[in-house]
Amino acid sequence: YCECSHQQTMAYNLEQRKSLLPDINHLSLCVKDAHLTILDQRLLPDQEVWLSVNTVEDMWEHINTLAVRGAPLIGCAAALSLAIHAVNSWPAENEVVQKAEYLKTSRPTAVNLMYCCDKISQVGLATPDYSPQNICKIAYELIQEDSSKCDAMSTFGASLINEGENILHHCNTGSLATMGAGTALGVIRKVFCLPFLLSYLFSLPSSFILLLFYVFFVFFVFFVFFVFFVFFVFFV
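Reading the values: the criteria
Residues numbered from 1 in each chain as written. Predicted model: local features only at pLDDT ≥ 70, side-chain atom pairs only at ≥ 80, totals over all residues. Heavy atoms only, no water. Pairing = 2+ DSSP bridges. Helix = DSSP H or I, 4+ residues; strand = E, 2+ residues; numbered from the N terminus. Core = buried A, V, L, I, M, F, W, Y, C linked by side-chain atoms within 4.5 Å. Buried < 20%, exposed > 50% of the residue type's maximum accessible area, 1.4 Å probe, protein only. Contact = heavy atoms within 4.5 Å.

### So, the pairing of strand E2 (residues 29–32)
- Of the pairings in the sheet, the one linking strand E1 (residues 24–25) to E2 comprises 2 bridges and is antiparallel in character. Following the sheet pairing, Ile-24 is matched in E2 by Val-31.
- Linking two consecutive strands that pair antiparallel, namely E1 and E2, is a turn of 3 residues.
- Hairpin geometry of E2 and strand E3 (residues 35–39) is characterised by an intervening segment of 2 residues between the two adjacent antiparallel strands and by a positive phi of about 55° at Asp-33.

### A short note on the nonpolar core
- Ranked by size, the top nonpolar core spans 46 residues in total, and within it Leu-21, Leu-29, Met-59 and Leu-80 carry the most contacts.
- Elements represented by at least two residues in this core include exactly E2, E3, strand E4 (50–53), helix H3 (56–64), helix H4 (71–89), helix H5 (93–104), helix H6 (111–121) and helix H7 (132–158).
- What Leu-29 contacts, discounting residues up to four positions off in sequence, is Ile-24, Leu-36, Thr-37, Ile-38, Trp-50, Leu-73, Ala-77, Leu-80 and Met-179.
- One finds Ala-158, Ile-161, Ile-167 and Val-187 within the second-largest nonpolar core, a separate group that totals 6 residues.

Encoded structure:
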């Protein structure tokens, strides 16, 4: 990239930035005036706190510390942080790839994160285009892709549900975890638009279930100890 191109991007005013980064008003992610914020899911449901994302390093920290949750949301949020970085600094080709690879290390098991970072890096393309315009275009296409997948999954899932059936919904989902209506929760939302009723049960995430198990186990141990204590005191 030539020096003149770099100087030109450094002169982007707010309106130019907003044209590259259109506003997004989502349940767990927001872009306003070319500025990205994410909902801190660690504090839910007691507090609603929004965290700024000014750098790729900020997004790495938010993903790594579980402020951003849900595989689809993680991937889209990472892509947006790379798009904002591109608009702010017009990075060289190797820097875009390096930043994307760096973001992957924030949650190595997140498949959507790998997918979105590879899309931004344009893995496999003979002539990748790392201009801010194209990186922003890819990021917003990934968001639309996730929303469309949620809709398709919801519609298909709802077609499998019959009147009177029960649905058990497990763990974090919906618009908290995706850029659409959700996956499992999307199916339930779609079913509620149908002309019949069903039962809807919500189960706690696995970490809470494990905690409840530990609490139950502790009470059980104390109960057994108490029974033996009473038996030896009064009957022995």
